[in-house]
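# An overview of the molecular structure
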Amino acid sequence: EAMGKWKVPSIMIPGNHDQIDWRGTDHALTPLRTSYQIFAQNSDREHDDNDIKSLEQYPGPLILSQPTKLFGALFVPHIRDKKRMNSVLASKEAFQSNALFVHADVK
């Protein structure tokens, strides 16, 4: 119910507890990718539950399953292979990003 009222775009990166295999390509966030779009009542129009045109549409979450540069930021989901994670974080894309959003182990 709460997500049905959400109007703010969401960007999600899978974490270690979301992954269902060691490759990290399949994870618990996968069903959210195409499971819903959010429709909210447009306050400027008369609302009819059977008329989708009387609703405003908002996209569901954007799920980034691979390292992705978006809006000047680098989004990095959990990567179990530490050498690969280090390579992504040491990349030119990482150094040229305005922000890093990383799900990583911190020691």
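Here, every reference points to the structure presented above.
Heads up: these notes are all about the structure in this document. Quick caveat, the model's predicted, so the values are computed rather than measured.

Structurally, Ser65 can be placed in the loop between strand S4 (62–63) and strand S5 (68–70). Among the polar contacts made by the side chain of Ser65, one reaches the side chain of His27 at a distance of 2.7 Å.

Once that is clear, we can look at the sheet that holds S5. Spatially, the 3 strands line up as an open sheet ordered S5-S6-S7, and their pairing is mixed. One side of each edge strand has no neighbouring strand; the edge strands of this open sheet are S5 and strand S7 (99–102). Strand-to-strand twist in this sheet, taken as the mean axis angle between neighbours without regard to direction, amounts to 20°.

As a further point, take unusual backbone geometry. Unlike most non-glycine residues, Phe71 shows phi in positive territory, near 55°. Relative to the elements of secondary structure, Phe71 occurs in the loop between S5 and strand S6 (73–76). The exposure class of Phe71 is exposed, given its relative accessible area of 73%.

The geometry of an aromatic ring pair comes down to the distance between the two centres and the angle between the two planes. Considering all chains together, one arrives at 1 aromatic pair under this definition. Ring centres of Phe75 and Phe101 lie 4.9 Å apart, and the angle between their planes is 10°; on these two criteria the pair is classed as stacked. In this pair, Phe75 sits in strand S6 while Phe101 sits in strand S7, placing the two residues 26 residues apart along the sequence. Here Phe75 falls in the buried class, since its relative accessible area comes to 9%.

It is worth spelling out the pairing of S6 at this point. Here S6 shows no split at all, with Ala73 and Phe75 on one side and Leu74 and Val76 on the other all buried. As defined by bridge partners, S5 adjoins S6 across 3 bridges and the pair is classed as antiparallel. Residue pairing in the sheet places Thr68 in a bridge with Phe75 of S6. Between S5 and S6, which pair antiparallel and follow one another directly, the connecting turn spans 2 residues, one of which, Phe71, has a positive phi of 55°. Judged from the 4 bridges that link them, S6 and S7 form a sheet pairing that is parallel.

Definitions and limits used
Residues numbered from 1 in each chain as written. Predicted model: local features only at pLDDT ≥ 70, side-chain atom pairs only at ≥ 80, totals over all residues. Heavy atoms only, no water. Helix = DSSP H or I, 4+ residues; strand = E, 2+ residues; numbered from the N terminus. Polar contact = N/O pair within 3.5 Å; in protein donor to acceptor, adjacent residues only side chain to side chain. Pairing = 2+ DSSP bridges. Axes fitted to C-alpha atoms, helices over the stretch in contact; angles between N-to-C directions. Buried < 20%, exposed > 50% of the residue type's maximum accessible area, 1.4 Å probe, protein only. Phe/Tyr/Trp six-rings, centres within 6.5 Å; stacked < 30°, edge-to-face > 60°.

Purely geometric stuff here, so don't read any function into it on its own.
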